Amino acid sequence: MEEEFEQLDGERRQLEQKIAELLPVASTEEARRELQRLRTRLQRLEERILAHMPAMGRVKLARHPDRPYTLDFIERLFTDFSEIHGDRRFADDPAMVCGMARFHGEPVVVIGQQKGRDLKERQYRNFGMAKPEGYRKALRAMKLAEKFNRPVFTLIDTPGAYPGIDAEERGQAEAIAYNLREMARLRTPIIVTITGEGGSGGALGIGVGDIINMLENAIYSVISPEGCAAILWKDAGQADKAAEGLKLTAQDLLSLGLIDRIVPEPRGGAHLDYDEAARLLDTYLVEALARVSELPIDELLQRRYEKFRRMGAFQEATEEILRQLTNAG
Amino acid sequence: MPLFRKKKRLRKLERAEERTVRTEGVFIKCEKCREVLYRKDVEENLRVCPKCGYHFKISARRRLELLFDEGQYQEHDAQLVTTDPLNFVDKKSYKQRLAEMQKATGLLDAVITGEGTLGGYRTIIAAMEYQFIGGSMGSVVGEKIARAIERAEQGRMALIIVSCSGGARMMEGVFSLMQMAKIAAALARLDEARLPYISVLTDPTTGGVTASFAMLGDLNIAEPGALIGFAGPRVIQQTIRQKLPEGFQRSEFLLRHGMLDAVVPRKELRPYLIRALGFMMDGRR
Ligand SMILES: [Zn+2]
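I will try to describe carefully the structure that is included in this document. Being a predicted model, the structure only gives us computed values, none of them experimental.

Attention shifts here to the nonpolar core. Ranked by size, the top nonpolar core spans 145 residues in total, and within it Ile111 of chain A together with Leu159 and Phe213 of chain B carry the most contacts. By residue number, the principal contributor to this core is helix 6 (residues 173-192) of chain B, which donates 12 residues. Residues in contact with Phe213 of chain B, not counting those within four places in the same chain, are Met128, Met137, Ile145, Ile161, Ser163, Ile183, Leu187, Tyr197 and Ser199 of chain B. Core analysis: the next-biggest nonpolar cluster, separate from the first, contains 26 residues, Ile112, Val162, Ile198 and Val264 of chain B among them.

As structure tokens, then:
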């Protein structure tokens, strides 16, 4: 996979160079046709490259320091954003951003983890790792949406929920667990989008909903590839293999039936063009909102239940399977 | 009669479990007080150290026998196996790992669910098996627990889940993660049906299991000294790079921080649960 990707990527660079060389001299009909031919080839090649991109390539794009973060998307997708703070229990968590806003004129609630751009902001945002108060604030915002019958949009981008002493003392596990249960029965539509890193329980803590979108280069995983490699391979250096095996890309998860939609990104990744990334996402959010809004709430909740209830890969052991097991013993 | 034969096969598989118990040594060393103890004494004391009260892990099978009246219950969904949806291979293949675990434990996956009575109250109990890939939660654990919850709801029974797990099962990727959402959603319905769910947390209960059903009981109770948390102590240590406080993430720590209703020694667990079910079930319609 890796080798094929490198090879294709090399071909792409050559082709791009050829096009660049041809461009200033493409005055004849024949040259223009040649240019067109090369461009078509480049486009196909790019499609193949994407299909062959190693999972770790996606991980790097999902974690790209220039990737648009939650507030970048909020700025471009919503109007009248008013942030709301605090869980009313302990503190405000800057790693989780919640607010009222309008989406194409309609009042909504938007929630997402926020990473920082420079060192100071990264620390302030705790690298996008929310604490219990973050998850509790998020749920408070969702209950507000429920009360006033407004849809909820969540934007997921976190390495995971914060693993620290204070977070454990205040019940990190309980905060996430409680969100999962309450989101399952929240009587208003929830549209989830994984925009960057979908880091395990910390992502799922705002990730239960009616429609699960995932950006093309986002990842969603039960554990980081590095963590998985350290545990199963006893070698964090095997993260590439772990990333491949965990099936954490949007393409994998769509084919496994664990997400609903892949949202395309601008060529080369969302970090190259925030406006275009937001515009592409907007189309999907509009469509998602229209779809969930037309269902009566009880039916929506029933479907939300069934959506997660169906997830699982198991079978009844056949006589054959059991025989193999007993004979092996 | 394929069903009958299947049951026989399962029973044959279970004998593997008895075998491993029998071949262990005569002595056992307490992990806490370091005392060398007669295994028989420890077993007779519900696998609690007679000297210091340390709670050794017990198997899911033994757990169900200790909790249900007369140790009697009807097991459900014993024949569910994972399909290895990711075709996962690390140093060894997940399929091989599963086969080894199945052989060693006599179980097809890391939880046993069953129905019976507890103090006369009709109850469904799910007990997790730590010996099976660290009690980790994949599709089968998720499905069996979700079915247990739905059965409790349909039959208007009480539900008890005894957790003993390192968290989600990495080898099933996002499928494992989604079991958290699936079970939490089923628990929401049980809650709405106003039926009892008591979560019993035992050593260890961490990760995705704690961050879903283990913390969602009407009562969350734990055995003494159990490691309970979201992140494992090693991950936290690596993140914050300082020494963790004494007793951090143990049952008593969680009790102090308001996360548990009670810490209950194993010997008192059954009477405690019966009292709680009495409070929840007596004279209700
Ligand atoms: Zn002892």
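We now examine the environment of Glu299 of chain A. Mapping Glu299 of chain A onto the fold places it in helix 14 (residues 297-309). Among the polar contacts listed, one links the side chain of Glu299 of chain A to the side chain of Arg303 of chain A, at a separation of 2.8 Å.

Residues and elements named next belong to chain B. Of all 8 residues in strand 5 (residues 111-118), 6 are buried; the element is thus mostly enclosed. As paired elements, strand 3 (residues 74-76) and strand 5 share 3 bridges and run antiparallel to each other. Following the sheet pairing, Glu75 is matched in strand 5 by Gly114. Where strand 5 meets strand 6 (residues 121-128), 8 bridges bridge the pair, whose relative direction is antiparallel. Looking across to strand 6, one finds that Gly116 is bridged to Thr123. Hairpin connection from strand 5 to strand 6: 2 residues lie between these consecutive antiparallel strands, with Gly119 at a positive phi of about 60 degrees.

Here we take up the interface of chain B and chain A. In this assembly, 69 residues from chain B lie in contact with 57 residues from chain A. When chain B packs against chain A, close to 5800 Å² is buried across both sides, 69% of that on carbon and sulfur atoms. Where chain B packs against chain A, one counts 4 salt bridges. With a closest N to O distance of 3.0 Å, Glu192 of chain B and Arg185 of chain A form a salt bridge. The tally of links between chain B and chain A comes to 19 residue pairs in polar contact (both at pLDDT 80 or more). Mapped by element, the contributors of at least two residues to the side of chain B that touches chain A are helix 1 (2-23), strand 4 (80-82), helix 4 (94-105), helix 5 (139-154), helix 6 and helix 8 (233-240) of chain B. Tallying contributions element by element places helix 6 of chain B first for the side of chain B that touches chain A, with 18 residues.

Reading guide: rules and limits
Residues numbered from 1 in each chain as written. Chains lettered and ligands numbered in written order. Predicted model: local features only at pLDDT ≥ 70, side-chain atom pairs only at ≥ 80, totals over all residues. Heavy atoms only, no water. Core = buried A, V, L, I, M, F, W, Y, C linked by side-chain atoms within 4.5 Å. Buried < 20%, exposed > 50% of the residue type's maximum accessible area, 1.4 Å probe, protein only. Helix = DSSP H or I, 4+ residues; strand = E, 2+ residues; numbered from the N terminus. Contact = heavy atoms within 4.5 Å. Polar contact = N/O pair within 3.5 Å; in protein donor to acceptor, adjacent residues only side chain to side chain. Pairing = 2+ DSSP bridges. Buried area = accessible area lost by both parts, 1.4 Å probe. Salt bridge = Lys/Arg side-chain N within 4 Å of Asp/Glu carboxyl O.

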